[in-house]
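Observations on the three-dimensional arrangement
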Amino acid sequence: MGKKRKRQTAENGNLTRFHEAVAKGNGSTAVELLESLHSERKVTPTQLTSALSALGRESKDDSKLSWKGALSLADKAVEMVNGGRSVLGEPGFTALVKITALAGIEENDSSYADKVRALISEMRQRKITIKKRTYASLVSILCGLKLTEQVKNVITEASNDKVELDEESYSCIVAYLTDNETEESVWEVLDKFRHQNRTVSEQMAESGSALDRFFSKHGTETMVVKRIRKDGTCPHCQIKLDSVDLTKEQIDQMISQVEDYFFVSEEQKLALQGLATWLKDLDSNLDCVIDGANVGFFMQRPDLGGVLSFAQIQLAVDACRANDFKHVVVFLHEKRAIGPEVDKLRESCRVYLTPRRMNDDWFWLYAALLPLRQGSKAFVLSNDQMRDHVFRSLTESAFLRWRERHLIEYSISKVNKFRLQIPSVYSRDVQKSRSNERFWHFPIREGENESSSTSWLCCAAPLK
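Cut-offs applied
By convention here, each chain's residues receive numbers from 1 onward along its written sequence. With pLDDT at 70 or above as the cut-off, local features in this predicted model cover only qualifying residues; side-chain atom pairs require 80 or more to be listed or tallied, and sums for whole chains, interfaces and linings still use all residues. Side-chain numbers here rest on the full set of heavy atoms in the structure, without hydrogens or water. Only DSSP runs of H or I covering at least 4 residues are called helices, and only runs of E covering at least 2 are called strands; the numbering of each starts at the N terminus. With a 1.4 Å probe rolled over the protein chains alone, any residue whose accessible area is under 20% of its type maximum counts as buried; one over 50% counts as exposed, and the rest are partly exposed. Contact criterion: two residues are considered in contact whenever any of their non-hydrogen atoms come within 4.5 Å of each other. Per-residue and other accessible areas were derived by the Shrake-Rupley procedure at a 1.4 Å probe size, with only the shown protein chains allowed to occlude residues. Note that His is not counted, nor are the chain ends; the positive residues are Lys and Arg, and the negative ones are Asp and Glu. By convention, the point assigned to a charge is CZ for Arg, NZ for Lys, CD for Glu and CG for Asp. Each polar contact in these results corresponds to two N or O atoms within 3.5 Å; when the atoms are within protein, one needs to be able to donate a hydrogen and the other to accept it, and residues that are neighboring in sequence are counted only if both atoms are side-chain atoms. Any Lys or Arg side-chain nitrogen found within 4 Å of a carboxyl oxygen on Asp or Glu counts as a salt bridge. An expected span of 1.5 Å times one less than the residue number is assigned to each helix. A pair of strands is treated as paired once DSSP finds two or more bridges between them. Place the viewer so that the strands point away; then a crossover is right-handed whenever the path from the first strand over the helix to the second strand goes clockwise. Angles here are taken between N-to-C directions and fall from 0 to 180 degrees, while the axes themselves are lines fitted to C-alpha atoms, restricted in helices to the stretch in contact. Only rings of Phe, Tyr and Trp enter the pairing, Trp through its six-membered ring, and a pair is recorded when the two centres are within 6.5 Å. The plane angle decides the type: under 30 degrees is stacked, over 60 is edge-to-face, the rest tilted. We count a charge as sitting over a ring when the NZ of a lysine or the CZ of an arginine lies within 6 Å of the ring centre and within 35 degrees of the ring normal. Residues grouped as a nonpolar core are buried Ala, Val, Leu, Ile, Met, Phe, Trp, Tyr and Cys residues, joined through side-chain atoms within 4.5 Å. For classification purposes, angles smaller than 35 degrees are called roughly parallel, those larger than 145 roughly antiparallel, those between 65 and 115 roughly perpendicular, and all remaining angles oblique. Each helix crossing is assigned a hand: it is left-handed if the near helix lies turned anticlockwise from the far helix by less than a right angle, otherwise right-handed if that turn is clockwise. As a working rule, the residues Ala, Val, Leu, Ile, Met, Phe, Trp, Tyr, Cys and Pro are called nonpolar, Asp, Glu, Lys and Arg charged, and the rest polar, with Gly in that last group.

We now examine the overall build of the protein. The helix and strand tally for the protein stands at 19 helices and 10 strands. Viewed in the frame of its principal axes, the protein has a C-alpha envelope of about 80 × 75 × 40 Å. Expressed as a percentage of the 464 residues in the protein, the buried residues total 50%. Sequence-distant contacts, at least 24 apart, represent 66% of the contacts inside the protein between residues at least 6 apart. A total of about 23100 Å² of accessible surface is found on the protein, and carbon and sulfur atoms cover 48% of it. When the 66 basic and 65 acidic side-chain charges of the protein are each reduced to a single mean position, those positions are 4 Å apart.

Have a look at this one:
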C-alpha cells in the first residue's frame, strides 16, 4: 500500500472515529480527533460545530473533564479553523454559550456571565438568530451565581432580542426569586410568563415545583383539577375563567409579520394592497373567513382524482349563517374559480379570489387579523392547524393564542351534516383572576401538545 493511500486510510479512520465520538456526546475525544484531522487536512466549520456541540453534551458524571477544561478545549477547537468564531452559526455559538455558562457556575466566577453576554452580543452583531436555548444558558448562570438584579432583568433583555424564554428558564427564575427576592418580583415574572406561555408541563404542575413552592410560600393552595366546567368555572375554587385574546401589541405584531414575511415582491405587495382596499370597501368587518380550499377538498383526495366540492363550501356557508355569522367571506384560489359554481356561491356570501402563484393561506389569515385592530372578532373556518414553516415564522405565543380563540374546526357527516367546533367560552391559557390577582390557573399539557390534556393547576384557594 502506497504512502498516499495509507494516509487517506488513516484520515478516513480518524474521521469515522470523530463522528462516533460526536454521536456519543464525547466532546473531549472529538476535539482530540479534530487535532489529528487538523494536521492532516483543514477542519471544516461543520466539524467545529459538531465538536462544540459534543462538548456541551458531555456528561461530567462519567468524565474527568471539568467544564472549565471543556471551555479550554472549545477555545482550542475554534483556533483550528481559519476565521475562528466568525465561521460559526447559531448551533456553534449556542454550544459555546452553554459551555461558558457551566464553567462559570463550576468556578463560581461572575466574570463568566460577562463572557456569556459577550458571545450573545457577537451573535447579535453577526446577525445570527438568538434562540431560547441560547438564553437558557444565560439564565442558568445568572441564577447559579445569584446575580439577583440581572436575573430580574433577563426576561426584558431576551425580549429585546425577540426571544421568548422557555418554560425551564422561567421555572429557574421563579425558583430563584422565591428563595432570594421579594414576592412582587415573582408576580411580575408570572405576568410575563403568561404572555409568552399558554400552558405548563406536568413537571411544572407537580407538588414541589417552582410554582407550587411560590404559591405555598404565600399562603395559596395548589390543586390539579381534571376539567373546567363548560361555562368556564373551576370546580375547585369556583372562579370563572376568561376568554383571553391578543393584546393590541400582539395584534399589530402579527399583522406586521404577515405583511413583512409573506408579501415581499412588488407583485405580492400589490396583491396585499388589493386585498386591504377590498376589505376597507366592505360595509362591515368580516366575522367569519372560510378557507375554501380546505373545506372544498375535505375528504376529496385530489391526489386520487378528487375535485373541489362547491357543495361542501356551500354547506360551510349555511352552517356559519345558522350560527349567527352575518359577514362571511370564502377565500378561493383564482385557478379554482372555474364554472358557474362560483357565481352561485356569490349569491349567498362574498367570495375573494386570490392570485395565481401565491398562497391563499396568506390572504385569509390577513383578512381574519385586520378586524381585530377595530375591536371586531373574526373567525377562520378551517381544519388546517397551520403548523407548516410559513406559520412558524409568526411569534409563537401570539399565534397559538390567536388560533385557539379564532379557529373554527368542522366535520361533515355521510349525510352532509356540517358541524362546527366553535372555541369554548373560556381560553385554555394561563390566567390570573380578575377578582384577585394573586389567584391563578395554569392549563397542563401532556408532552408537547398544547391541547392534549383537560387538566389545570388551580392556585386560587387559601391554605387550610
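Having put the structure on the table, let's press on.
With that settled, the discussion passes to the side chain of Q312. Here Q312 shows up in helix α15 (residues 310–322). For Q312, a relative accessible area of 10% corresponds to the buried category. Among the polar contacts made by the side chain of Q312, one reaches the side chain of Q300 at a distance of 3.1 Å. Sequence-distant contacts of Q312, defined by excluding residues within four places in its chain, comprise V295, G296, F298, Q300, I412 and F418.

Within this structure, the stated rule accounts for 24 salt bridges. Note that D179 is salt-bridged to R213, the shortest N-O span being 2.5 Å. You can see D179 sitting in helix α9 (residues 167–180) and its partner R213 sitting in helix α11 (residues 210–217), a full 34 residues away along the chain. On the accessibility criterion, R213 (31% relative accessible area) is partly exposed. Between K432 and D191 there is a salt bridge, with its nearest N and O atoms 3.1 Å apart. Taken together, the positions of K432 in strand β8 (residues 431–432) and D191 in helix α10 (residues 183–196) put the pair 241 residues apart, joining distant regions of the chain. The exposure class of D191 is partly exposed, given its relative accessible area of 23%. Overlapping salt bridges bring together R198, R401, E404, R405 and D429 as one network.

Given 3.6 residues per helical turn, the α-helix brings residues three or four places apart onto the same face. Under the 1.5 Å per step criterion, the end-to-end length of α15 is 18 Å for 13 residues, consistent within 8% with the ideal 18 Å. Listed as buried for α15 are F310, Q312, I313, A316, V317, A319 and C320. Among the residues trailing α15, D324 stands out with phi positive, at a value near 70°.

Next up on the list: the pairing of strand β6 (residues 407–412). When strand β5 (residues 379–381) meets β6, the two strands line up parallel, connected through 2 bridges. What sits directly across from L381, in β6, is I408. In terms of strand pairing, β6 meets strand β7 (residues 418–421) through 4 bridges, oriented antiparallel. Its bridge partner lying in β7, I412 is registered against F418. Count of turn residues in the β6/β7 antiparallel hairpin: 5 residues, of which N416 carries a positive phi of about 60°.

The buried count for strand β3 (residues 328–333) comes to 6 of 6 residues, which makes it a mostly enclosed element. The side-chain alternation of β3 yields two buried faces, one formed by V328, V330 and L332 and the other by V329, F331 and H333. Here strand β2 (residues 288–291) runs beside β3; their pairing, made up of 4 bridges, is parallel. Bridging across to β3, V289 finds its partner in V329. In terms of strand pairing, β3 meets strand β4 (residues 350–354) through 5 bridges, oriented parallel. Paired with F331 across the two strands is Y352, which belongs to β4. Taken together, β3, helix α16 (residues 341–346) and β4 form a β-α-β motif whose crossover is right-handed.

Pairing in this open sheet of 4 strands is antiparallel, and the strands run β1-β10-β9-β8 from one edge to the other. Each having just a single partner strand, β1 (220–225) and β8 make up the two edges of the open sheet. Two elements, strand β9 (residues 440–443) and strand β10 (residues 456–462), share 4 bridges in a ladder whose sense is antiparallel. Its bridge partner lying in β10, W440 is registered against C459. Contacts from α10 reach β8 and β9, with the element oriented near 40° to β9. On the sheet, α11 packs against β1, β9 and β10 and is oriented at approximately 140° with respect to β1.

All right, on to the packing of aromatic side chains then. Applying the stated criterion across every chain, the model contains 19 aromatic pairs. Considering the side-chain rings of F263 and W362, the 5.7 Å spacing of their centres and the 75° angle between planes classify their relative orientation as edge-to-face. Here F263 is found in the loop between α12 (248–262) and α13 (266–280), whereas its partner W362 is found in helix α17 (residues 360–369), with 99 residues between them in sequence. Counting every residue linked through ring pairs, the aromatic cluster contains Y261, F262, F263, W362, F363 and Y366. Against the face of Y112 rests K115, its NZ or CZ located 4.2 Å from the ring centre.

The next point concerns the nonpolar core. Side chains of a nonpolar character, in soluble globular proteins, are inclined to be buried together. Counting residues in hydrophobic clusters, the biggest one holds 79 residues, and the most contacted among them are Y135, I173, L190, F215 and F442. Not counting the four nearest positions on each side in its chain, F215 is found in contact with W187, L190, T220, T222, R438, W440, F442 and C459. In this structure, F263, A367, A368 and A398 belong to the second largest nonpolar core, which totals 36 residues.

Okay, the packing of helix α8 (residues 148–160) against α10 next. In a packed pair of helices, the relevant descriptors are the angle between the two axes and the axis-to-axis distance. Interhelical geometry of α8 versus α10 gives an angle of 25° and a closest axis separation of 10 Å. As the angle between them shows, α8 and α10 are arranged roughly parallel. As for how α8 packs across α10, the hand of that crossing is left-handed. For the pair α8 and α10, contact is made by K152, I155, T156 and S159 and by S185, V189, K192 and Q196, respectively.

Relative orientation of the contacting elements helix α4 (residues 67–79) and helix α5 (residues 90–107) amounts to 145°, with a least axis distance of 8 Å. Helix-helix and strand crossings are classified by hand; for α4 and α5 the assignment is left-handed. Where α4 abuts α5, its residues W67, K68, A70, L71, A74 and V78 lie against L96, I99, T100, L102, A103, E106 and E107. Per-class residue counts for the contact of α4 with α5 are 9 nonpolar, 1 polar and 3 charged.

None of this, on its own, says anything about what the molecule does.
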